[in-house]
Protein chains: 2
Amino acid sequence: MDVKGKIGQRIKHLRDISSMSQKDLAYSADLDRSYIASVENGSRNISIVNIEKIATALNVTLKTFFDYDEFDKPTTSH
Amino acid sequence: MDVKGKIGQRIKHLRDISSMSQKDLAYSADLDRSYIASVENGSRNISIVNIEKIATALNVTLKTFFDYDEFDKPTTSH
């Protein structure tokens, strides 16, 4: 799975355990719901500013957001 | 400091302790040296794919890259 997929998977997981809908998350992150949907399905090369907005809306720091097994695997150079 | 500044500070720190020049890092991350310079001075809203390229070139995982005090501070919503 590429990094965009991992980001989407992580956001969906954190959103689910917070019992938030995509609409709730979009509202509190001040982003479009369709954008959240595309990030979650792994099709967006999301920027750090938007990752921070989403992490803040999910009430986690960036450190906690990336404290996730999928992000602890070395990747081969592109 | 905003998140772009924190990313730049973190990359510079990891690069310094690896005794890599910006040119070395740009080469192994397959990015332009001028791009690395602008990311390090905090003026780039860098994407997750490029963060991963740089982390890989610095021999750290994304989890390790974000395991840094500056990324453990909650941010106010934008």
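Worth saying up front: this structure is predicted, and the values here are computed from it rather than measured. (Residues numbered from 1 in each chain as written. Chains lettered and ligands numbered in written order. Predicted model: local features only at pLDDT ≥ 70, side-chain atom pairs only at ≥ 80, totals over all residues. Heavy atoms only, no water.)

Re the relation of the copies chain A and chain B
If you rotate chain A by 180 degrees and push it 0.0 Å along the axis, it lands on chain B with an RMSD of 0.0 Å. The superposition operator between the copies reduces to a two-fold rotation axis. Considering only C-alpha atoms, the residue of chain A closest to the rotation axis is Ser-47 of chain A, which sits at 2.0 Å. Interface residue correspondence from chain A to chain B reaches 100%, placing this contact among same-surface, isologous pairings. (Least-squares fit on C-alpha atoms with pLDDT ≥ 70 in both. Contact = heavy atoms within 4.5 Å.)

Side note on the interface of chain A and chain B
Each partner contributes residues to the interface: chain A has 27 residues there, and chain B has 27 residues. For the interface between chain A and chain B, the tally reads 2 salt bridges. For Lys-63 of chain A, the salt bridge is made with Asp-67 of chain B, and the minimal N-O distance between the two is 3.1 Å. Along the contact surface separating chain A from chain B lie 16 residue pairs in polar contact (both at pLDDT 80 or more). Put simply, the parts of the chain that give the side of chain A that touches chain B at least two residues each are α1 (3–17), α4 (48–57) and α5 (62–65) of chain A. Per-element tally for the side of chain A that touches chain B: the top contributor is α4 of chain A, with 6 residues. A breakdown of the residues in the side of chain A that touches chain B according to their chemical character gives 11 nonpolar, 9 polar and 7 charged. (Salt bridge = Lys/Arg side-chain N within 4 Å of Asp/Glu carboxyl O. Polar contact = N/O pair within 3.5 Å; in protein donor to acceptor, adjacent residues only side chain to side chain. Helix = DSSP H or I, 4+ residues; strand = E, 2+ residues; numbered from the N terminus. Nonpolar A, V, L, I, M, F, W, Y, C, P; charged D, E, K, R; others polar.)

A look at the UniProt feature "domain: HTH cro/C1-type" (unreviewed entry) in chain A
In the numbering adopted here, UniProt assigns the feature "domain: HTH cro/C1-type" (unreviewed entry) to residues 11–65 of chain A. Counted over residues 11–65 of chain A, helix gives 67% and strand 0%. Its end C-alpha atoms are 8 Å apart. (UniProt positions renumbered as here; feature names shortened; annotations may be inferred.)

Let's talk about the packing of aromatic side chains
A full pass over the atoms with the stated rule returns 9 aromatic pairs over all chains. Taking the centre distance of 5.1 Å and the plane angle of 70 degrees together, the rings of Phe-65 of chain A and Phe-66 of chain A count as edge-to-face. Note on Phe-65 of chain A: relative accessible area 0%, which makes it buried. On the basis of relative accessibility, which here comes to 0%, the residue Phe-66 of chain A falls in the buried class. Three or more aromatic residues joined by ring pairs form one cluster here, namely Phe-65, Phe-66, Tyr-68 and Phe-71 of chain A together with Phe-65, Phe-66, Tyr-68 and Phe-71 of chain B. (Phe/Tyr/Trp six-rings, centres within 6.5 Å; stacked < 30°, edge-to-face > 60°. Buried < 20%, exposed > 50% of the residue type's maximum accessible area, 1.4 Å probe, protein only.)

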